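Now for the letters of each chain:
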Amino acid sequence: MEEINFRNAVKAFIVKDGKLLLIKRRANDVHRPGAWDLPGGRLELGENPFEGLKREVQEEIGLNIDIIIPLDVHFFERDDSQKIQLTIFACHLRAGEIRLSEEHTEYQWLDLQKPIEEFPKWIHQPLNNYKK
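Residues numbered from 1 in each chain as written. Predicted model: local features only at pLDDT ≥ 70, side-chain atom pairs only at ≥ 80, totals over all residues. Heavy atoms only, no water.

(A) Local environment of the nonpolar core. With 17 residues, the main nonpolar core has Phe-13, Leu-20, Leu-38 and Ile-123 as its most contacted residues. Those elements that place two or more of their residues in this core are strand 1 (6-16), strand 2 (19-25) and strand 6 (83-95). With 4 residues, the top contributor of residues to this core is strand 6. With sequence-adjacent residues up to four places away left out, Phe-13 is seen in contact with Leu-20, Leu-38, Leu-71, Ile-88, Phe-89, Ala-90, Cys-91, Ile-123, Pro-126, Leu-127 and Tyr-130. (Core = buried A, V, L, I, M, F, W, Y, C linked by side-chain atoms within 4.5 Å. Buried < 20%, exposed > 50% of the residue type's maximum accessible area, 1.4 Å probe, protein only. Helix = DSSP H or I, 4+ residues; strand = E, 2+ residues; numbered from the N terminus. Contact = heavy atoms within 4.5 Å.)

See the structure below:
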């Protein structure tokens, strides 16, 4: 039987005081090492995307969120050839202090008023959708 190399993934677009939370992937990550990213990740097979996003955010940065609305959907192939359908959700921060998991090395709150070129290119569309 042929193995299907496809996963659903979710990311949290968390804005606080007009700034977007970005986290930096560790340097030895299989996919986009050292890149700035949004919190989130791949879902378990059959996992509810809302519960999966809350789980991923809690695991990666130790925060509790409310999921508001989808901002964008991407389809791409990872560096390890896995195909991903990624949904990015606008989220509100509920509670918690940022505690990075070992998957990430640092975080930053990037002002939404900065030029779009200062954001990772794949975030431009959800950023434009958020600002509408």
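Further notes follow.
(B) Just the side chain of Gln-82, in detail. For Gln-82, the position within the fold is in the loop between strand 5 (64-77) and strand 6. Here Asn-5 takes part through its side chain, which lies 3.4 Å from a polar atom of the side chain of Gln-82. Side chain to side chain, Gln-82 and Arg-42 meet in a polar contact 2.7 Å long. For Gln-82, the contacting residues outside a window of four places in its chain are Asn-5, Phe-6, Arg-7, Arg-42, Phe-76 and Glu-77. (Polar contact = N/O pair within 3.5 Å; in protein donor to acceptor, adjacent residues only side chain to side chain.)

(C) Highlighting helix 1 (residues 49-61). Given a rise of 1.5 Å per residue, 13 residues ought to cover 18 Å, and the 18 Å separating the end C-alpha atoms of helix 1 matches this to within 8%. Turning to helix 1, its buried residues are Gly-52, Leu-53, Glu-56, Val-57, Glu-60 and Ile-61. Angular distribution of buried residues about the axis of helix 1 spans 130°; they occupy a single face of the element. As for helix 1, its buried residues are in contact with strand 1, strand 2, strand 4 (40-42), strand 5, strand 6 and strand 7 (104-111). The first or second residue beyond helix 1 is Gly-62, which carries a positive phi of 75°. (Expected span 1.5 Å × (residues − 1). Arc of directions from axis to C-beta.)

(D) The arrangement of helix 2 (residues 124-131) in detail. When we look at burial in helix 2, the residues that qualify are His-124, Pro-126 and Leu-127. Projected onto a plane normal to the axis of helix 2, the buried residues spread over an arc of 165° and lie on a single side.

(E) The arrangement of the environment of Glu-97 in detail. On the secondary structure map, Glu-97 appears in the loop between strand 6 and strand 7. Using a relative accessible area of 64% as the deciding quantity, one classes Glu-97 as exposed. Residues Glu-97 and Pro-120, spaced 23 residues apart in sequence, show a C-alpha to C-alpha distance of 24 Å. Not counting residues within four places of it along the chain, the set of residues in contact with Glu-97 comprises Ile-61, Gly-62 and Leu-63.

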